[in-house]
Amino acid sequence: MPIKYTARDLIRELAKVTIFSLAKIVPKQKNLWVFGAWKGGKYSDNSKYLFEYVSRNHPEIDVLWVTNNKLAHALVKQSGGKVAYFGSLRATWACMRAGVAITCVDAAHDLPSYTISAKTRRVQLWHGLGPKAYHLAKMSQRDLEAVGQMDIVSKIINKLVLLYAYLLTWRWYNGINWLPYNLMPSQDLVVTTSALGQQKMTQVFGGLAKQIEILGYPRHDHLMSGGHKQSGKSKRIKVLYAPTHRTESQGTGIKQVEELSEALKKYPQIELLVKLHDLAKDKVENVQLLSEGDIAQDICTLLPQIDVLITDYSSIYTDFLLLDRPIVFTPFDLADYRDNDQGFFMDYDTVTPGPKAKSWEEAIQLAATSEEWSKKYEGERKRTLALFHEVRDGKSSERIVKRIKSIS
């Protein structure tokens, strides 16, 4: 989509450039850490679990969660944490003074990057490790092409902001969405879970990552904490279907939805939960849709209750491996996803330890009979687990905090 700006955008962006320039001269406090996740839209993922760990165990560190989402704001307050909205005086001042900025998805947008200077240590926890590829150069090129499609008014506004930025910093910027704080900033520390993860993060960040270290994910401490019970052998089988994100929302929704509905009628013992935002509840019987207003904010809290996971290419299955429970894969559009969407940076079949269903009827039948075949894939699950997770001691948050202190 072409980028289009108005006079109001001009005023807003001029203010951001000013703040970005001032942030460079504001003294930093090494024990002030700001956290964000999912472009400010969620209280979840590795950022959340590290935030809560630091809040509980390190009173010497002042932590603040920054969000642009009302539900996320409320969830942080309910947990007893400190929180502020994007654009508020509290969030802006804290980010300008922060010694450490911690993100887990988009380093340029999880926090208001125009408030964070290069003097603040940036830590990228990331949000998952799976076989999907990540084409940073391709994504950047697509955004730059969108900028090139601006109308004449937007181009004039663009030039005015760039000129103002040049007068303040004596640098020309031709970045995505005009400005330097919208570019992918360099990362002082990128956290991953294995040597394979180091390869993947090198693909994602390239020379922007100063250090890529195997420290483990904070959210895995929760999964490794023990005491997690399944739904019970004599009860209904709780199944989660969590497909991957499609580029530019291609292929949204559940494919062959009528077939899924019919399959669920044959297996009434299946309780299916779907982590998908654009599926209407009334389209499929016996389906619980996890919407933005519930546990979908942080799917990790749900995983311990799940008996069987169904997914296509999502890295959620590598988290689920920590629980050693059956996984059914549904690569219905494997060739199309590989060739026309995000694709893979490793062979899909060799790192997916579970049966590959060719239809929804087969997928639901496999979920219903998982006790019969689960042990068959036990060895593959363990080998894949070792490939993706080299540290599994439940002390990832502790390691990360020590490492951040050493660089800050």
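Whatever comes next refers back to the structure up there.
Okay, so let's go over this structure.

The rules behind these values
Residues numbered from 1 in each chain as written. Predicted model: local features only at pLDDT ≥ 70, side-chain atom pairs only at ≥ 80, totals over all residues. Heavy atoms only, no water. Buried < 20%, exposed > 50% of the residue type's maximum accessible area, 1.4 Å probe, protein only. Helix = DSSP H or I, 4+ residues; strand = E, 2+ residues; numbered from the N terminus. Pairing = 2+ DSSP bridges. Axes fitted to C-alpha atoms, helices over the stretch in contact; angles between N-to-C directions. Phe/Tyr/Trp six-rings, centres within 6.5 Å; stacked < 30°, edge-to-face > 60°. Parallel < 35°, antiparallel > 145°, perpendicular 65-115°, else oblique. Contact = heavy atoms within 4.5 Å. Nonpolar A, V, L, I, M, F, W, Y, C, P; charged D, E, K, R; others polar. Salt bridge = Lys/Arg side-chain N within 4 Å of Asp/Glu carboxyl O.

1. Considering the pairing of strand β11 (residues 308-311)
Side chains of β11 alternate between two faces, with Val 308 and Ile 310 and Leu 309 and Thr 311 buried alike. For strand β8 (residues 237-241) and β11, the ladder comprises three bridges, and the chain directions are parallel. For Leu 240, the partnering residue across the bridge sits in β11 and is Leu 309. Relative to strand β12 (residues 327-329), β11 runs parallel, the two being bridged by three bridges.

2. Overview of the sheet that holds β12
Pairing in this open sheet of five strands is parallel, and the strands run β10-β9-β8-β11-β12 from one edge to the other. Strands at the two margins of the open sheet, each flanked by one partner only, are β10 (287-289) and β12. The average angle at which neighbouring strand axes cross in this sheet is 25°, direction not considered.

3. Points about the packing of aromatic side chains
Taken as a whole and judged by the stated rule, the model has 16 aromatic pairs. A ring pair is formed by Tyr 241 and Trp 360, whose centres lie 4.9 Å apart and whose planes are at 85°; its orientation type is edge-to-face. Remark: Trp 360 occurs in helix α12 (residues 360-368) and Tyr 241 occurs in strand β8; sequence separation between them is 119 residues. Classification of Tyr 241 as buried rests on a relative accessible area of 7%.

4. Focus: the packing of helix α2 (residues 45-57) against helix α15 (residues 396-407)
Describing two packed helices takes the angle between their axes plus the distance from one axis to the other. The geometry of α2 relative to α15 is characterised by a closest axis approach of 10 Å and an angle of 75° between their N-to-C directions. The angle between the axes of α2 and α15 places the two elements in the roughly perpendicular class. Each of Tyr 49, Leu 50, Tyr 53 and Val 54 in α2 lies in contact with α15, whose residues at this interface are Ser 397, Glu 398, Ile 400, Val 401 and Ile 404. Its residues assigned to classes, the contact of α2 with α15 shows seven nonpolar, one polar and one charged.

5. Regarding the sheet that holds strand β3 (residues 83-85)
The parallel open sheet is built from seven strands, whose spatial order is β3-β2-β1-β4-β5-β6-β7. Looking at the sheet topology across the chains shown, the edges are occupied by β3 and β7 (212-214). The average undirected angle you get between the axes of adjacent strands in this sheet is 25°. Bridge count between strand β6 (residues 189-192) and β7: three bridges; the pairing is parallel.

6. Section: the pattern of salt bridges
Should their charged atoms come close, side chains of opposite charge can pair. Inspection of every chain in the model, using the stated rule, returns 17 salt bridges. The salt bridge partner of Glu 60 is Lys 405, with a shortest N-O separation of 2.6 Å. One end of the pair, Glu 60, is in the loop between α2 and β2 (62-67); the other, Lys 405, is in helix α15, and 345 residues separate them in sequence. Exposure remark for Lys 405: the relative accessible area of 37% places this residue in the partly exposed category. Salt bridges sharing common partners tie together Asp 45, Arg 219 and Asp 319.

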